[in-house]
Amino acid sequence: MFKTTAARACRIVSNSRKLHKTCRLSTENQGENPIRRTLRILRDDIKLIKRPANEEDYRRMLDREFPRFCDVVIIGGGAMGSSIAYWLKEKTGVDGIRVVVVEEDNTYKTCSTALSVGGLRQQFSLQENIQMSLFGAEFLRTLKKRFGPDADVNFHPNGYLLLSSEAGAQQLIDNSKLQTELGAVNMVLTKNQIKERFPWMDVDDVAVGCLGLEKEGWFDPWSLLTVLKNGAHKKGAQYINAKAVDFVFQNREDIIVEGVEQGNYEAINELVVEMPNGERRTIQFAYCIIAAGCKSKEIAEKARIGTGSGMLSLSLPVEKRKRYVYTFSCRENAPTLNTPMVVDYTHMYFRREGLGDTFIAGMSPEPEDEPPTDDLEVDYSYFDEKIWPVLVKRVPAFECIKVNGGWSGFYEYNTYDMNGIIGPHPYYTNLYLATGFSGHGIQQAPAVGRAISELILDGNFQTIDLTRLGFDRFIVEKPMFELRIV
Amino acid sequence: MLKLKNSLSFIRLPVGRECACKYSSSNKLEITFDKPPANALQSREGPHTQVAEEKYEPNKVATEELRWRTPWHQKEGQYHSFLRVFYTEKNRRSTLQRLQTQIDLSPSAIKKWWAKKKEESEIVQQAYLPERNQILGNELAAAHFIVARGGAVKFFNHDEWVKADERGKYDLPRFYEEGWELQAIDCADMPLYYEGLVNLYDLRNVEWLSLNGCENMDDWCVDRITNQFSHSLIYLDLRNCPNISARGIGCLYKLQKLKILYLDDFMKSTVYEYTCLLLEEIMPNLEIRSNPVTFEIK
Ligand SMILES: Cc1cc2nc3c(=O)[nH]c(=O)nc-3n(C[C@H](O)[C@H](O)[C@H](O)COP(=O)(O)OP(=O)(O)OC[C@H]3O[C@@H](n4cnc5c(N)ncnc54)[C@H](O)[C@@H]3O)c2cc1C
């Protein structure tokens, strides 16, 4: 008798709770006896009172507990998610806000961070991109100061060389001017100057090139991910191995959001996650950040972005696009140390890998050549048909090469303007996005993490103003595309 | 735990600009979003747009143009609730953080803290001062910078090295003068930081540079040096710089005239050795030496 009344009382208290879909949560949240619930929560809290003196033990103890509540939940623990977690904790301290990172794959087998080429360059045309990657370079340079002497991402300061045909020459020169103004160091080279510096290159069809002289090159993205993840964890962010599958909605008449009819606002403050054993649990949050890479759209749709009405009818324009990277070796007359990362105007790129005669190359395909995105199979005929002819034309020595292997990864491709989507979603008061970087995300991860943490903790961008890269640009129709995308 | 101002965050988009959506007097959204704006979400296919449509330039879009709604409290007839008193534009995040971090007073922590403070102040002191370069010109400014920190420099057409004496006194012009052009810079054992290297930009013809014993030099510094002196440097000494790895050595090919390079021990590791070999291969004039030599500097 008492049990049923209590259950009803409980239902009245949490009256307006609705589930988005018919997903059954574990019994935990539905109609639990309020007294039991109180006791359970108290019990959990008491366990935490006895705080071990050792920070390490304390963190381990926290990690054991499943976080039912947190201040910020981050979906996706790749470079973006980990960087956001690191900055949030860095700015508030170990005992500051509680940050939970939900990552479905602890091995990071398919995440783009681990599969990326790790290029660092400032040669963009959009101001924000240049500023972000300048900060990226600064962050990598001072990595040891932040994360201790063992943190190393193997930066190769070899520069980027962007080649341009006649048609793009003016743009390349304009871009270089802007980059220099903002603090990048590069120089525009004529055909002859390129030939002089890189005698192994055939540049007959090239008009000009732009060579990065400082802070450009490549690094090991896997190390960066490890450093960021360990750094965030050490500062007290909690990683849980689970897949974010849904949100719980709640009608909140008391919240007024501009552009939403009063009384209709449906808030989200609970995330449903699926544990590896299939069990579903929920995490209550104050803020949620979607940094799920190429799967961001999927999870955004669960928050009704793109499926709702009004502001929610705009979907997140982020798609999976498969990109191949091939490794090959060249035994004779191969260019050696003086090989920057070369990006051709045909959108083919290659660079040295290690010291031997090994190179890696890739290319952004034409729209009609877009490969299927069901798996990460590598199509070697694409190299033979599309990349190799361009490669040989650029570097005659690549006539005799042997393809050793290759891999592929997914770009989180922003079909609207091929740039990151950073900042709050206009409908929700507590949902932030950090995705859509379309192939230049890893170098921006430090800056994006800092920017999101500023938005949440300071209420505003404090360092680099990324307002123009927010979701609102889809509403006012101001695409922020790069004038040359690689 | 730090409480986040959850329900207050909806005031985050100030300034009223009605762009895509107009409001009627009843404050209702007139253009509904049910149909996505005409070309908004059509994918702009192809990353190959070399030059985008004419006139529209992403860099010219002002931040304000992205604001399309007036925050509730800025609308006519609306006002801040009295709770606003507790909400400040400027967050006191750092104060909160300080309050929440435990203070560690153990000797090792204090030592670490002190070392960090010292390093920070040293880095600030090595920063680029525009006034210094305006008064002295690049060459003399760089000379002052180096000599005041215990290094030595030599100019073309001057036979003597300039170095500060025990009391830190040295003899260099205090204003710009013609005819001072740096030939050699000796930074041996100086606590030189990456940030300090900015003072060495735009030197006309430095041929000789020693960073022997500058422990803070790492690959990023080498990256910067190879750019700064790419046109002129002939002699470079990188001994006793434990933080410079093979990757830094690998980009020394950018120093077009380099002839002599001193390294600790190029057999340090196979990668290191191989890098040196490759470097000598593409720079036929280069000689890499790794036997210790001493220089006398007056
Ligand atoms: C071939 C290739 C080359 C590249 N080269 C460069 C380069 O040279 N320079 C550069 O700057 N960038 C490059 N990039 C881009 C860069 O790798 C990405 O922009 C960057 O890694 C994005 O990081 P992320 O954290 O947003 O996404 P990811 O690294 O993909 O991380 C997303 C994470 O979210 C997790 N996740 C997804 N959905 C869920 C869910 N529902 N619940 C829980 N977890 C979830 C995934 O498991 C994944 O670990 C390249 C990318 C590729 C594919």
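For clarity, every value in this text was computed on a predicted model and none was experimentally measured.

Peer 1: What's the story with the overall build of chain B in this structure? I'm lost.
Peer 2: Per the secondary structure count, chain B includes six helices and seven strands. Going from N to C terminus, chain B has its helices and strands arranged as α-α-α-β-β-β-β-α-β-α-β-α-β. Across the 298 residues in chain B, those meeting the buried criterion constitute 43%. The long-range share in chain B, meaning contacts at least 24 apart out of those at least 6 apart in sequence, stands at 72%. For chain B, the exposed area adds up to about 17,600 Å²; of that, 53% sits on carbon and sulfur atoms.

Peer 1: So what exactly am I meant to see when it comes to the packing of helix H6 (residues 127-141) of chain A against helix H13 (residues 445-457) of chain A here?
Peer 2: Helix-helix packing: each pair is described by the crossing angle between the helix axes and the interaxial distance. Residue and element names in this part refer to chain A. The interhelical angle for the contact between H6 and H13, taken along N-to-C directions, is 105 degrees, at an axis separation of 7 Å. If you check the angle between H6 and H13, you find them roughly perpendicular. Counted together, Met132, Phe135, Gly136 and Phe139 of H6 and Pro446, Ala447, Val448 and Arg450 of H13 form the full contact between these two elements. Along the lines of polarity and charge, the residues of the contact of H6 with H13 split into six nonpolar, one polar and one charged.

Peer 1: Before we go on, may I ask you to explain the packing of aromatic side chains in this structure?
Peer 2: Where two aromatic rings form a pair, the distance of their centres and the angle of their planes describe that pair. Tallied over the full model, the rule gives 32 aromatic pairs over all chains. Residues Tyr108 of chain A and Trp222 of chain A carry aromatic rings whose centres are separated by 6.2 Å and whose planes lie at 70 degrees to one another, so their mutual orientation is edge-to-face. With Tyr108 of chain A in the loop between strand S3 (99-103) and helix H5 (112-115) and Trp222 of chain A in helix H10 (residues 221-234), this pair connects stretches of sequence that are 114 residues apart. When its relative accessible area of 39% is taken as the criterion, Trp222 of chain A is described as partly exposed. Judged by centre distance (4.0 Å) and plane angle (10 degrees), the ring pair of Phe155 of chain A and Trp220 of chain B falls under stacked. One end of the pair, Phe155 of chain A, is in the loop between helix H7 (143-147) and strand S5 (160-164); the other, Trp220 of chain B, is in helix H4 (residues 219-228), on a second chain. The burial state of Phe155 of chain A is the same as that of Trp220 of chain B; both residues are buried. The ring of Tyr239 of chain A has Lys229 of chain A lying over it, and the distance from NZ or CZ to the ring centre is 4.9 Å. Above the ring of Phe249 of chain A, the side-chain terminus of Arg304 of chain A is found at 3.6 Å from the ring centroid.

Peer 1: I would appreciate a short explanation of the UniProt feature "domain: FAD dependent oxidoreductase" (unreviewed entry) in chain A in the present structure.
Peer 2: Within this structure's numbering, the places UniProt gives as "domain: FAD dependent oxidoreductase" (unreviewed entry) are residues 71-455 of chain A. Summarising residues 71-455 of chain A: 28% helix, 29% strand, and an end-to-end C-alpha distance of 14 Å.

Peer 1: For this particular structure, what's the right way to read the pattern of salt bridges?
Peer 2: A side chain with one charge can pair with a side chain of the opposite charge if their charged atoms come near. Under the definition given, this model contains 37 salt bridges over all chains. Its salt-bridge partner being Arg247 of chain B, residue Asp219 of chain B comes within 3.7 Å of it at the nearest N-O pair. Taken as a pair, Asp219 of chain B in helix H4 and Arg247 of chain B in helix H5 (residues 246-249) lie far apart in primary sequence, 28 residues in all. By the burial criterion, Asp219 of chain B is buried, and Arg247 of chain B matches it. Residues joined in a network through salt bridges with shared partners are Lys144 and Asp152 of chain A together with Asp219 and Arg247 of chain B.

Peer 1: When you look at H4 of chain B in this model, what are you seeing that I'm missing?
Peer 2: Every α-helix carries 3.6 residues per turn, so stepping three or four residues along brings you back to the same face. Among the ten residues of H4 of chain B, ten are classified as buried, and the element is accordingly described as predominantly covered. Every buried residue of H4 of chain B is accounted for by Asp219, Trp220, Cys221, Val222, Asp223, Arg224, Ile225, Thr226, Asn227 and Gln228 of chain B. Here the buried face of H4 of chain B lies against strand S4 (119-120) and H6 of chain A together with strand S4 (208-210) and H5 of chain B.

Peer 1: How should I be thinking about the sheet that holds strand S16 (residues 358-363) of chain A in this particular structure?
Peer 2: Sheets are built from strands that pair by backbone hydrogen bonding, the pairs being arranged parallel or antiparallel. Residues and elements named next belong to chain A. Across the sheet, eight strands lie side by side as S6-S7-S5-S14-S15-S16-S13-S17; this open sheet has mixed pairing. Taken across any chain shown, the strands that pair with only one partner, and hence form the sheet edges, are strand S6 (186-190) and strand S17 (402-414). Between one strand axis and the next, the sheet turns by 20 degrees as a mean value, whatever way the strands run. Two strands pair when backbone bridges link them, and strand S13 (residues 318-329) and S16 are joined in this way by five bridges, in the antiparallel orientation.

Peer 1: What is the right way to read unusual backbone geometry from this model?
Peer 2: Trans is the prevailing form of peptide bonds, just as negative phi is the prevailing case for residues other than glycine. All names here are of chain A. Although it is not a glycine, Asn154 sits at a positive phi angle of roughly 55 degrees. By secondary structure assignment, the location of Asn154 is in the loop between H7 and S5. Unusually for a residue other than glycine, Asn333 sits at a positive phi of about 55 degrees. For Asn333, the position within the fold is in the loop between S13 and strand S14 (341-343). Assessed through its relative accessible area of 67%, Asn333 is described here as exposed.

Peer 1: Would you mind showing me how to read the site of the ligand here?
Peer 2: Residues and elements named next belong to chain A. Around the ligand, a shell composed of 36 residues is seen, among which Glu103, Thr113, Gly119, Ala244 and Glu412 lie nearest. Within the backbone of Glu104, an N or O atom sits 3.2 Å from a nitrogen atom of the ligand. Within the backbone of Gly119, one N or O atom sits 2.8 Å away from an oxygen atom of the ligand. Across the complex, the protein chains shield 97% of the 1,000 Å² of accessible surface that the ligand would expose by itself. Contributing elements (two or more residues each) for the shell around the ligand: helix H4 (79-92), S3, H5, strand S10 (243-251) and S17. For the shell around the ligand, the leading source of residues is S17, giving four residues.

Peer 1: Could you clarify how one ought to interpret the packing of H4 of chain A against H13 of chain A in this entry?
Peer 2: Residue and element names in this part refer to chain A. Contact geometry for H4 and H13: axes closest at 8 Å, N-to-C directions at 50 degrees. Between H4 and H13, the angle falls in the class oblique. Crossing hand, H4 versus H13: right-handed. Contacts between H4 and H13 involve Ala79, Met80, Ser83, Ile84, Trp87, Leu88, Lys91 and Thr92 from the former and Ala445, Pro446, Val448, Gly449, Arg450, Ile452, Ser453, Glu454, Ile456 and Leu457 from the latter. Class assignment for the residues of the contact of H4 with H13 results in eleven nonpolar, four polar and three charged.

Peer 1: Please explain the domain arrangement of chain A as it appears in this structure.
Peer 2: All names here are of chain A. As assigned here, chain A comprises domain 1 (2-109 + 224-316 + 418-475) and domain 2 (155-218 + 319-414). If you average the C-alpha positions of domain 1 and of domain 2, the two centres end up 38 Å apart. In this assembly, eleven residues from domain 1 lie in contact with six residues from domain 2. Taking both sides of the interface into account, the surface hidden between domain 1 and domain 2 amounts to around 830 Å²; carbon and sulfur atoms contribute 60%. On the domain 1 side of the interface with domain 2, the three residues burying the most area are Cys294, Met418 and Ser438, jointly 54% of the side's total. Scanning the region where domain 1 abuts domain 2 turns up zero salt bridges. At the boundary of domain 1 with domain 2, the tally comes to five residue pairs in polar contact (both at pLDDT 80 or more). Within the side of domain 1 that touches domain 2, the residues separate by chemical class into four nonpolar, six polar and one charged.

The rules behind these values
- Residues numbered from 1 in each chain as written.
- Chains lettered and ligands numbered in written order.
- Predicted model: local features only at pLDDT ≥ 70, side-chain atom pairs only at ≥ 80, totals over all residues.
- Heavy atoms only, no water.
- Helix = DSSP H or I, 4+ residues; strand = E, 2+ residues; numbered from the N terminus.
- Buried < 20%, exposed > 50% of the residue type's maximum accessible area, 1.4 Å probe, protein only.
- Contact = heavy atoms within 4.5 Å.
- Areas by Shrake-Rupley, 256 points an atom, 1.4 Å probe, with all protein chains shown as cover.
- Axes fitted to C-alpha atoms, helices over the stretch in contact; angles between N-to-C directions.
- Parallel < 35°, antiparallel > 145°, perpendicular 65-115°, else oblique.
- Nonpolar A, V, L, I, M, F, W, Y, C, P; charged D, E, K, R; others polar.
- Phe/Tyr/Trp six-rings, centres within 6.5 Å; stacked < 30°, edge-to-face > 60°.
- Lys NZ or Arg CZ within 6 Å of the ring centre and 35° of its normal.
- UniProt positions renumbered as here; feature names shortened; annotations may be inferred.
- Salt bridge = Lys/Arg side-chain N within 4 Å of Asp/Glu carboxyl O.
- Pairing = 2+ DSSP bridges.
- Near = heavy atom within 4 Å.
- Polar contact = N/O pair within 3.5 Å; in protein donor to acceptor, adjacent residues only side chain to side chain.
- Left-handed = near helix turned anticlockwise from the far one by under 90°.
- Domains from an automatic or database assignment.
- Buried area = accessible area lost by both parts, 1.4 Å probe.

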